[in-house]
Amino acid sequence: MKLLMNPLALRAGLLLLTAIVAFGLGLFLIRRLRKSLVPESESLNYAPLAAEGLPVHAYHAVIQQLKQQKHELTTQRLSERRKAKASDSLSSTILANLSCGVLFFNTNGLVRQANSAARKLLGFASPVGLHAADLFRTANLRPESDSSGSRSSVGQALAPALTGRSAVRGLILNYFPPDGEGQGESRVLEVTASPVLAEDASLMGTTLVLTDKTDIERIRHDQKLRQEISSELALGLRSSLTAISGYAQQLASSRDPERTRQLTEGIAGEAAQLDRTIGSFLGGARAATTSS
């Protein structure tokens, strides 16, 4: 009884009772909090799975689309390569069968490609790697190609095309094969050079086309020679006929036997001259026909 009446004991009891009540209340609150936290944790555990499931499927779909696009691009690239090869093969076949010589020069003026006709016309087994100045060092410009006399070499004439400034057309030159070194039979070549420009107007190279005009020039020369011969022949025939006509007129009015004899001999001489002139002309024509 004294213990219960003791103030210290009362205080200790109250503190103990308060502690017990607080402990019980705390335990109760903890259980309530645990019950409320478990559904939230479960929702948090399951919600990301549902949220993450959609991006994964979308990611796989994107990957499939990228793979399909890559396959389409690869197929398109292979198709373009096949088309490019077919185009190159067709171009090579066409160039190989052309009678004109075709060369391609790079930006430094060196031959990068030449077809068989170009190699045959120029007399090189392979002109690849040669500079234009070396390629045409045995050639000289014909007068009709350089009427002004401002271009002293073929290299200077081709410079505008090789540097990309402008095309060069109708260039006629006498070309001697390299084995002749300027001696022997030459070829008459017509040269057309055109620069090849990219989309940005930069120079990619120069194409050069060679056309053999040797036979045409020979025919032209023969025709000119025949015209000269024909003119001389016509002049000779006219002179002989004029002389014969004069002799005939004198013969008709002459009564002198000696004069008649002289006029007759003159007519016979002019007739013989006509026969020689015509025979020479016919012989030259036959020889020209046989040689051609």
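Scroll up for the structure.
Draft legend 1. Representation of the overall build of the protein chain. In terms of helices and strands, the protein chain carries 7 helices and 6 strands. Sequence-ordered secondary structure for the protein chain, helices as α and strands as β, is α-α-β-β-α-α-β-α-β-β-β-α-α. Counting all 292 residues of the protein chain, 19% fall into the buried class. Partitioning the intrachain contacts of the protein chain with sequence separation of at least 6 by distance along the chain shows that 45% fall at a separation of at least 24. Accessible surface, the protein chain: about 20,900 Å² in total, of which carbon and sulfur atoms supply 59%.

Draft legend 2. Representation of the side chain of Asn-174 within the structure. Locating Asn-174 in the fold gives a position in strand E4 (residues 168-175). Among the polar contacts made by the side chain of Asn-174, one reaches the side chain of Arg-142 at a distance of 2.8 Å. Asn-174 has contacts with Thr-138, Ala-139, Asn-140, Arg-142, Arg-187 and Val-188, leaving out every residue within four places of it along the chain.

Draft legend 3. Seen up close, the environment of Thr-211. Residue placement: Thr-211 occurs in strand E6 (residues 203-212). Spatially, the C-alpha atom of Thr-211 lies 9.1 Å from that of Val-102, the residues being 109 residues apart in sequence. When sequence neighbours within four positions are dropped, the list of residues in contact with Thr-211 reads Cys-100, Val-188, Leu-189 and Glu-190.

Draft legend 4. Seen up close, helix H5 (residues 154-162). Every buried residue of H5 is listed here: Val-154, Ala-157, Leu-158, Pro-160, Ala-161 and Leu-162. Tucked inside the fold, the buried residues of H5 contact strand E1 (101-105), helix H4 (132-135), strand E3 (139-141), E4, strand E5 (187-197) and E6. Looking one or two residues past H5, Gly-164 carries a phi angle of roughly 85°, positive in sign.

Draft legend 5. Looking closely at the nonpolar core. Membership of the largest hydrophobic core comes to 26 residues, with the highest contact counts inside it found for Leu-103, Phe-105, Leu-122, Phe-136, Leu-158, Leu-208 and Leu-210. A total of 5 residues in this core trace back to one element, the largest contributor, which is H5. Once you skip the residues sitting within four places of it in the chain, Phe-136 turns out to touch Leu-122, Val-154, Leu-158, Tyr-175, Leu-208 and Leu-210.

Draft legend 6. Region of the structure containing the environment of Gln-250. Position of Gln-250 relative to the elements: it lies in helix H6 (residues 214-253). When the C-alpha atoms of Gln-250 and Thr-260 are compared, they prove to be 8.4 Å apart, with 10 residues separating the residues in sequence. Contacts of Gln-250, omitting those with residues within four sequence positions, involve Arg-259 and Leu-263.

Draft legend 7. Inspection of the packing of aromatic side chains at higher detail. If you walk through the whole model with that rule in mind, you get 1 aromatic pair. An angle of 75° between the planes, with centres 6.3 Å apart, marks the rings of Phe-136 and Tyr-175 as edge-to-face. Placement of the pair is Phe-136 in the loop between H4 and E3 and Tyr-175 in strand E4, with a sequence separation of 39 residues. The burial state of Phe-136 is the same as that of Tyr-175; both residues are buried.

Draft legend 8. Quick look at the pairing of E4. By the criterion of burial, E4 is predominantly enclosed, with 6 of the 8 residues buried. Where E3 and E4 come together, 3 bridges link them in antiparallel fashion. Bridge pairing in E4 links Leu-141 to Leu-173.

Conventions we followed
Residues numbered from 1 in each chain as written. Predicted model: local features only at pLDDT ≥ 70, side-chain atom pairs only at ≥ 80, totals over all residues. Heavy atoms only, no water. Helix = DSSP H or I, 4+ residues; strand = E, 2+ residues; numbered from the N terminus. Buried < 20%, exposed > 50% of the residue type's maximum accessible area, 1.4 Å probe, protein only. Contact = heavy atoms within 4.5 Å. Areas by Shrake-Rupley, 256 points an atom, 1.4 Å probe, with all protein chains shown as cover. Polar contact = N/O pair within 3.5 Å; in protein donor to acceptor, adjacent residues only side chain to side chain. Core = buried A, V, L, I, M, F, W, Y, C linked by side-chain atoms within 4.5 Å. Phe/Tyr/Trp six-rings, centres within 6.5 Å; stacked < 30°, edge-to-face > 60°. Pairing = 2+ DSSP bridges.

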